[in-house]
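Residue-level listing of the chains:
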Amino acid sequence: MNIHFRTAVGYIKRSPFQAFAATFVLTLTFFVATLVATLVYSSSKLITYFETRPQVIAFLKDDTGQTDIADLQHKLEKDTRVKEVKYVSKEEALSIYKNATSDNPLLGELVSPSIFPASLEFSVKDLSFAQAVIDQVKGEKIVDSVGFTAAIGGESSLKDVVTRLRTITMYVRIGGIAFVGILGAASFVVLLIIISMRMAVRREEVEILNLIGATPAFIRSPIIVEALFYSLFGAFLGWLISFIAILYSAPSAVTYFGEIPVLPRDTLGLFELFGIFLAVELVAGLVLAMTGSLFAISRVKKSR
Amino acid sequence: MINFKNVTKKFGSVSALTDVSFEIKKGEFVFITGPSGAGKSTILKLILGELAPDGGTIIVDGLDIKNLKTKDVPYFRQKIGTVFQDFKVLPERTVGENVEVALAVIGLPENEWKERINHVLKLVGLTKQINLFPSQLSGGELQRVSLARALVVNPKLLLADEPTGNLDWDTSEGVVKLFEKINEEGKTVIMATHNMDIIKKFKKRIINIVNGKIVTKD
Ligand SMILES: Nc1ncnc2c1ncn2[C@@H]1O[C@H](COP(=O)(O)OP(=O)(O)O)[C@@H](O)[C@H]1O
Ligand SMILES: [Mg+2]
């Protein structure tokens, strides 16, 4: 074991409460940071979902032939503004309805396939195309009427939905990042205080080391090692706790959001996402420890 | 090795050294003697660069210490072994660790530490105390820790400030004999002391200083 490492371990052992305070505040910071990062990720996925899937439904006239439908579907598929064109037959429309009303079978019993028109569903790649595409599709002979499906919270158009989501996510992000910022600043201050205390306690040691020819780098190494220990350990622990919490709640979140990919669906993707979080947090911890200890050391020097 | 030319050092209105000049050649063994408060420690501190002179020139190992850059001070001190009057042991480290730190400071590979530490602790008679902390040691033992730390790095120059101040006669004699041995290996030894018995027994060159002024320098 390196001598600086041993020295740092000695400090930590001698003042366990300082070590606890430092680790605690850093763990808390990185715990919240991981949750906020996940929230930012999920909310951006949510927006992307609604942005890219403003389903337009073109209800078809009752007696339309299969070839006409296929022609229109083909035409839409070739349109660069349109994607994910899907044909929904009358029977499928009924089963969707029955599913949606499964908790009230009576509603399902009451209807027959004939009242549900067949339709072509599709998305536009960008919302700005929506109006033009809709107007164009309305002009098609076999199309009876055109509508948006998703109408969340009584919004009349998808554009409003997305705008509203954007506003909500923006607040979530600003709030989350501000919170992490405040916690990060608190961690920094706690690190500073602990390092400064260490420097003060070590004053005699520093003087002796100076006299026997220790370089400044030699003298500050154990302090940097100690700060690194707190911040890297805090980063890892905070990340781990939030990762476990998210792993526990992921199944219900995924079920709640249905087909919206708020979290990566496959285990590998999830681990990759959290691997990236961990890497970023370890780097952040490194930067925090280095700037904190170098700042504290330079302050102590000036005050002498 | 060491050259003092008209060196003056003041602490406020107190003149610790006045117009001090002497030369010590490589491989010499010199006692700096004089009563308490004469300026012996001040001379050693000036050599180590712990203090800066107010006037005159100090040359150590061919280097005018006025020209010593702050960043080079550590490397300059690494060549000098110092036994401090007030021991200056690290209170929170064991005897072994105190000696070890000196080796870490000079950057000696870690696998060579154990042998050197054991050797030097045997030399000063502290083998059994290797795992004790300074608070568990007597004054004489602390002095020997300071000595072990100074010797372990194999310095070209050994500065010892009252190294026998806390030791009984037998141990004192042993320590100075150790210095003689080191000196025979070609190292320069400068020892400040007011112990007349030691000075009489070991017939070495004497720089006698009283009230900050040199009285004799042989
Ligand atoms: N740091 C200091 N501040 C003020 N006066 C000092 C300081 N160091 C030494 N002196 C004074 O300088 C004189 C010489 O001290 P010193 O070199 O320690 O003497 P010695 O080692 O010969 O006993 C003494 O009068 C002492 O009081
Ligand atoms: Mg003295």
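Only a predicted model underlies this, so the values are computations on that prediction, with no experimental measurement involved. (Residues numbered from 1 in each chain as written. Chains lettered and ligands numbered in written order. Predicted model: local features only at pLDDT ≥ 70, side-chain atom pairs only at ≥ 80, totals over all residues. Heavy atoms only, no water.)

In terms of helices and strands, chain A carries 10 helices and four strands. Sequence-ordered secondary structure for chain A, helices as α and strands as β, is α-α-β-α-β-α-α-β-α-β-α-α-α-α. For chain A, the residues scored as buried account for 42% of the 304 residues in total. At a minimum sequence separation of 6, the contacts of chain A that also span at least 24 residues come to 83%. Element-wise, carbon and sulfur atoms account for 67% of the exposed surface of chain A, whose accessible area totals about 16,300 Å². (Helix = DSSP H or I, 4+ residues; strand = E, 2+ residues; numbered from the N terminus. Buried < 20%, exposed > 50% of the residue type's maximum accessible area, 1.4 Å probe, protein only. Contact = heavy atoms within 4.5 Å. Areas by Shrake-Rupley, 256 points an atom, 1.4 Å probe, with all protein chains shown as cover.)

Looking now at the domain arrangement of chain A. Partitioning chain A into domains gives domain 1 (2-49 + 161-303) and domain 2 (54-149). Taken over C-alpha atoms, the centre of domain 1 of chain A sits 50 Å from the centre of domain 2 of chain A. (Domains from an automatic or database assignment.)

A few words on the coordination of the magnesium ion (ligand 2). Residue and element names in this part refer to chain B. At 2.0 to 2.6 Å from the magnesium ion (ligand 2) lie its protein donor atoms, namely S41 (OG) and Q85 (OE1). Taken together, the residues S41 in helix α1 (residues 40-48) and Q85 in the loop between β6 (80-83) and α3 (95-106) connect sequence positions 44 residues apart. Q85 sits in the partly exposed class, given a relative accessible area of 40%. (Donors = N, O, S within 2.8 Å, 3.2 Å for Na, K, Ca; no water.)

Turning next to the UniProt feature "domain: ABC transporter" (unreviewed entry) in chain B. On the UniProt side, "domain: ABC transporter" (unreviewed entry) is annotated at positions that read residues 2-218 of chain B here. Secondary structure across residues 2-218 of chain B comprises 35% helix and 27% strand; the distance between its end C-alpha atoms is 15 Å. (UniProt positions renumbered as here; feature names shortened; annotations may be inferred.)

This paragraph deals with the sheet that holds strand β5 (residues 63-64) of chain B. The pairing of strands in a sheet comes from backbone hydrogen bonds and takes either a parallel or an antiparallel form. A sheet is described by the order of its strands in space; here four strands give the open sequence β2-β1-β4-β5 (chain B), paired in antiparallel fashion. A strand with exactly one partner marks an edge of an open sheet, and here the two such strands are β2 (14-24) and β5 of chain B. (Pairing = 2+ DSSP bridges.)

Let's shift gears to the nonpolar core. Grouped together as the largest cluster of nonpolar side chains are 82 residues, with contacts concentrated most on L209(A), I2(B), F4(B), I47(B), L157(B), F179(B) and I190(B). If sequence neighbours within four positions are ignored, F179(B) has contacts with F29(B), L147(B), L158(B), A160(B), P163(B), V189(B) and M191(B). Formed by 20 residues, the second largest nonpolar core is a distinct cluster that contains A19(A), I195(A), A227(A) and A289(A). (Core = buried A, V, L, I, M, F, W, Y, C linked by side-chain atoms within 4.5 Å.)

Bringing the packing of helix α4 (residues 113-124) of chain B against helix α5 (residues 139-152) of chain B into the picture now. Residue and element names in this part refer to chain B. Running from amino to carboxyl end, α4 crosses α5 at an angle of 135°, the nearest separation of the two axes being 9 Å. Viewed along their axes, α4 and α5 adopt a mutual orientation that is oblique. Note on packing geometry: the crossing formed by α4 with α5 is right-handed. Of the residues in α5, those touching α4 at R116, I117, V120, L121, L123 and V124 are R144, L147, A148, L151 and V152. (Axes fitted to C-alpha atoms, helices over the stretch in contact; angles between N-to-C directions. Parallel < 35°, antiparallel > 145°, perpendicular 65-115°, else oblique. Left-handed = near helix turned anticlockwise from the far one by under 90°.)

What follows concerns the domain arrangement of chain B. Residue and element names in this part refer to chain B. Per the domain assignment, the segments of chain B are domain 1 (2-79 + 156-217) and domain 2 (93-155). Taking the mean C-alpha position of each, domain 1 and domain 2 sit 23 Å from one another. Listed by partner, the interface residues are 19 residues for domain 1 and 14 residues for domain 2. Summing both partners gives a buried area of about 1,100 Å² for domain 1 against domain 2, and 66% of it is carried by carbon and sulfur. When the buried surface of domain 1 facing domain 2 is broken down by residue, Q78, L158 and L178 rank first, second and third, together holding 40% of it. In this assembly, domain 1 and domain 2 are joined by zero salt bridges. Seen at the junction of domain 1 and domain 2, the total is five residue pairs in polar contact (both at pLDDT 80 or more). (Buried area = accessible area lost by both parts, 1.4 Å probe. Salt bridge = Lys/Arg side-chain N within 4 Å of Asp/Glu carboxyl O. Polar contact = N/O pair within 3.5 Å; in protein donor to acceptor, adjacent residues only side chain to side chain.)

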